[in-house]
Amino acid sequence: MRIPVISRLISRKPRVAVIRLSGTIGGAGRGGGLNDAALAPVIERAFRRGKPLAVALAINSPGGSPVQSSLIAARIRRLADETDIPVHAFVEDVAASGGYWLACAADDIWADDSSILGSIGVISAGFGFHQLIDRWGIERRVHTAGESKSTLDPFRPQSAEDVARLHTILGPIHEAFKDHVRARRGTRLAADQDLFTGAFWAGREAVRLGLADGIGHMVPHLKALYGDKIRMEVHGMRRPLLRRLGLSADMLLDAAEDRAAFQRFGTRG
């Protein structure tokens with residue numbers, strides 16, 4: 001079977017695989033966020049389909065699940081090492097918290113002047129409703145087997161023991177995050193400032209602190225590295241038809257959660 005000349009010419013163009021990592025990570029169990037199970041075939045295709053010159057990560061994420069962040073980043077590094085393919089990260093609006101965890105899976109990180117990077121910390125947030133239900137004369141009845149089963153119940157007063165127990169969980173997760181950043185960024189990180197407080201910075205300051213390697217956009221930077229003739233093949237998660245058409249209730253909930261997460265870091269010109 002003869003391959004048309006045009007197809008042969010296209011197939012011979014040097015190629016960079018682009019993985020889009022956009023949205024919250026591990027989004028609420030409804031399948032709307034980035035998660036390792038959904039991204040696994042996407043990442044595999046990007047690295048193994050036709051031996052690309054490089055893999056580029058297009059990142060726009062305010063974070064989310066630390067476990068899913070770790071799993072996705074580990075998969076990227078494992079495939080990069082197995083295939084000996086360089087990985088470059090390009091930050092769009094934000095790579096914060098788990099989004100920055102993903103960026104650190106790359107060999108280098110590039111951002112826009114107005115990109116937001118960092119937020120290397122761990123958070124647990126909730127509400128307390130015990131005074132509200134008291135005011136309305138509502139009696140809450142909870143029965144457990146196991147004294148810690150109702151830890152941090154929002155309808156009970158917060159206890160010092162519950163908070164201390166929570167910090168024994170948050171602390172090791174934060175340490176794992178810091179270890180990942182140190183391992184990937186190494187001596188590029190500024191030594192004169194604590195970068196692990198949960199603070200975040202705009203593009204050029206992030207570069208100065210070693211959180212990113214420079215200001216640069218994906219297309220011109222990749223062309224400068226690999227030549228003007230490179231072809232970029234984009235890989236991303238496939239969404240169900242109803243979600244793509246905006247006809248899913250889950251989609252509306254995910255969109256609201258995404259918006260709230262991005263707004264923490266968002267700026268408007």
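Residue indices follow the written sequence of each chain, beginning from 1 at its first position. Given that the model is predicted, a residue must reach a pLDDT of at least 70 before its local features are reported, and side-chain atom pairs must reach 80 or more before they are shown or counted; all residues, however, enter totals for whole chains, interfaces and linings. With hydrogens and water stripped out, all remaining heavy atoms of the structure feed into the side-chain values.

A. Fine view of the overall build of the chain. In terms of regular secondary structure, the chain is built from ten helices and eight strands. Summary of the burial criterion: residues with accessible area below 20% of their type's maximum are buried, those above 50% are exposed, and those between are partly exposed, where the area comes from a 1.4 Å probe applied to protein chains only. For the chain, the proportion of its 269 residues judged to be buried stands at 41%. Summarising the internal contacts of the chain: among those between residues at least 6 apart in sequence, 75% fall at separations of at least 24. Accessible areas in this description were obtained via Shrake-Rupley with a 1.4 Å probe; residue shielding takes into account the shown protein chains only. For the chain, the accessible area works out to roughly 15,400 Å², and carbon and sulfur atoms hold 55% of it. Strands are runs of DSSP state E lasting at least 2 residues, helices are runs of H or I lasting at least 4, and numbering of each runs from the N terminus. Every residue pair with non-hydrogen atoms within 4.5 Å of one another is taken to be in contact.

B. Expanded view of the pattern of salt bridges. We define a salt bridge as a side-chain nitrogen of Lys or Arg found within 4 Å of a carboxyl oxygen belonging to Asp or Glu. Under the counting rule described, the total for this entry stands at 15 salt bridges. Measuring nitrogen to oxygen at the nearest pair gives 3.2 Å for the salt bridge that ties R77 to D81. One end of the pair, R77, and the other, D81, are both in helix α3 (residues 66–83), four residues apart, so they sit about a helical turn from each other. What makes R77 buried here is its relative accessible area of 15%. A residue is classified by how much of its surface remains accessible, and D81, at 55% relative accessible area, is exposed.

C. Structural context of unusual backbone geometry. We note that K51 has phi near 50°; this positive angle belongs to a residue other than glycine. Inspection of the secondary structure assignment puts K51 in the loop between α2 (36–48) and β2 (54–61). Unlike most non-glycine residues, S97 shows phi in positive territory, near 55°. With respect to the element layout, S97 can be found in the loop between β3 (87–96) and α4 (98–103). Since its relative accessible area comes to 16%, S97 is described here as buried.

D. How the structure looks around the side chain of R75. Within the fold, R75 resides in helix α3. R75 has contacts with D36, A40, I43 and E44, leaving out every residue within four places of it along the chain.

E. The nonpolar core, seen in detail. Nonpolar core, defined: a set of buried Ala, Val, Leu, Ile, Met, Phe, Trp, Tyr and Cys residues in which side-chain atoms within 4.5 Å join the residues together. Membership of the largest hydrophobic core comes to 46 residues, with the highest contact counts inside it found for F47 and L57. Those elements that provide at least two residues to this core are β1 (15–22), α2, β2, α3, β3, α4, β4 (108–111) and α6 (160–185). By size, the runner-up hydrophobic cluster in this structure holds ten residues, among which are V16, A56, L222 and I230.

F. Quick peek at helix α8 (residues 218–226). Within α8, the full set of buried residues consists of M218, H221 and L222. Here the buried residues of α8 occupy an arc of 95° about the axis, which is enough to place them on one side. The outward face of α8, more than 90 degrees from its buried face, is lined by the exposed residues P220 and A224. Of the surrounding secondary structure, the elements contacted by the buried residues of α8 are β1, β2, β3, β4 and β8 (231–235). Trailing α8 by a residue or two, G227 shows a phi angle of about 100°, which is positive. By construction, the arc corresponds to the directions joining the helix axis to the C-beta atoms.

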